[in-house]
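Given next are the chains, with one letter for each unit.
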Amino acid sequence: MSKRRFPVILGLLALGTLLLRPVPARAQDAEQAVTRVRPSLGLEYFSRTIAWDEGTSTSTLSASIAVLRVEAEFQKEARLGLFLGYGFSNFNGLVFRQLPFSLDYQAGNIGSLIWGGDLGARFFSLGAFEIGIEAQFLMSLGRTKDFTIPSLNTDGGLEGKGTWSRVLAGPVLRYTGYENFTPFLSVLYNGMWGTFTMNETIGDLIGSEEKKITARGPIGIAIGTVFEPSAMFKIKAEVTAIPFKKLTGGLDTDYGASVRAVVSF
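Criteria and thresholds
Residues numbered from 1 in each chain as written. Predicted model: local features only at pLDDT ≥ 70, side-chain atom pairs only at ≥ 80, totals over all residues. Heavy atoms only, no water. Helix = DSSP H or I, 4+ residues; strand = E, 2+ residues; numbered from the N terminus. Buried < 20%, exposed > 50% of the residue type's maximum accessible area, 1.4 Å probe, protein only. Contact = heavy atoms within 4.5 Å. Areas by Shrake-Rupley, 256 points an atom, 1.4 Å probe, with all protein chains shown as cover. Phe/Tyr/Trp six-rings, centres within 6.5 Å; stacked < 30°, edge-to-face > 60°. Pairing = 2+ DSSP bridges. Core = buried A, V, L, I, M, F, W, Y, C linked by side-chain atoms within 4.5 Å. Salt bridge = Lys/Arg side-chain N within 4 Å of Asp/Glu carboxyl O.

A. Highlighting the overall build of the protein chain. For the protein chain, the count of helices and strands is one helix and 14 strands. Considering the protein chain as a whole, with its 265 residues, one finds that 42% of them fall into the buried category. Once local pairs closer than 6 in sequence are excluded, the contacts in the protein chain between residues at least 24 apart make up 63%. Within the structure as shown, the protein chain displays about 14300 Å² of accessible surface, and the carbon and sulfur contribution to it stands at 61%.

B. Spatial organisation of the packing of aromatic side chains. Scanning all chains against the criterion turns up 10 aromatic pairs. Seen in terms of ring centroids, Phe-96 and Phe-196 are 5.9 Å apart; in terms of plane orientation they differ by 45°. Their pairing is tilted. Here the residue Phe-96 occupies a position in strand 4 (residues 95–96), and Phe-196 occupies one in strand 10 (residues 181–202), the gap between them amounting to 100 residues. On the accessibility criterion, Phe-96 (0% relative accessible area) is buried. Put simply, the rings of Phe-91, Phe-96, Tyr-105, Phe-147 and Phe-196 pair up and form one aromatic cluster.

C. Structural context of the pairing of strand 8 (residues 145–148). The alternating pattern of strand 8 places Lys-145 and Phe-147 on a buried face, while none of Asp-146 and Thr-148, on the opposite face, is buried. Bridge count between strand 8 and strand 9 (residues 156–175): four bridges; the pairing is antiparallel. For Lys-145, the partnering residue across the bridge sits in strand 9 and is Gly-160.

D. Just the nonpolar core, in detail. Counting residues in each nonpolar core, the largest one holds 25 residues, and the members touching the most others are Phe-91, Leu-94, Phe-96, Tyr-105, Trp-164, Phe-196 and Met-198. Residue assignment for this core shows that the elements contributing at least two residues are strand 1 (34–52), strand 2 (57–74), strand 6 (109–126), strand 9, strand 10 and strand 11 (205–215). No other element matches strand 2, which puts four residues into this core. The residues touching Phe-196, leaving out its near neighbours within four places in the chain, are Phe-91, Leu-94, Phe-96, Tyr-105, Ile-110, Gly-160, Lys-161, Gly-162, Glu-209, Glu-210 and Lys-211.

E. Expanded view of the pattern of salt bridges. Here the structure, examined in full by the defined rule, presents 15 salt bridges. Put simply, Lys-211 and Glu-209 hold a salt bridge, and the shortest N to O gap is 3.2 Å. The exposure class of Glu-209 is buried, given its relative accessible area of 7%. Several salt bridges share partner residues, and in doing so they unite Arg-69, Glu-71, Arg-79, Asp-118, Glu-134, Arg-174, Lys-236 and Glu-238 into one network.

F. Spotlight on the pairing of strand 10. Where strand 9 and strand 10 come together, 17 bridges link them in antiparallel fashion. For Arg-174, the partnering residue across the bridge sits in strand 10 and is Phe-184. Linking two consecutive strands that pair antiparallel, namely strand 9 and strand 10, is a turn of five residues. When strand 10 meets strand 11, the two strands line up antiparallel, connected through 10 bridges. Note that in strand 11 the partner of Met-198 across the bridge is Glu-209. If you look at the hairpin formed by strand 10 and strand 11, you'll find two residues sitting between the two strands, and Gly-203 has a positive phi there, around 60°.

Structural data, given as structure tokens:
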């Protein structure tokens, strides 16, 4: 992880410590402890424009993710969640120019282990509106994928491995005036970075090249709703739009979507 990412991670840890800080001793009762534990299953898909070769080239990274998550609520004002899952990342479009022979990667999805955590809190209410904050850290640890090189007079092979991380953090506005639906709107810092390493072997020739990737567009806008027909079950769905400036000029937008089914105890 690059040094410039440490302040972001430390900021999230500090925010979590603040939100989940111990309450005064005189308030120590049943409501001051964990009020609910919520396991959930979440699905997400997104497509991000990534820059590489020191920002001079771009391509698209798309990912499909499934995670199992456990969330604990504290005093009904703050929550902390941890998740683990599996995903597929598609790095098609990366160009490697310094191997024994240049390569345009078009080999499709690579499986990866997904892990991370998130937190959130409600700060205050204005009538039927709630103002809060949410943050998440997610890491995708890709497995090594082997490829063969066709149309060669000698044996040749490739090994590719991609790893990426994402940080989300920002305010969220919820409307609580409906009985079972809670629409929300959030504006989030949406930072994403990672590496993709390619190893190429052709006969006695061996080469390795690493691409450092950074997603374009640091700010995303998410809109969605929570459907909670009972205190024991809810579904959260949202879509995200991330505008960014193209290298050739002008603006474009990346998109993502997620859905989560949550059970309460």
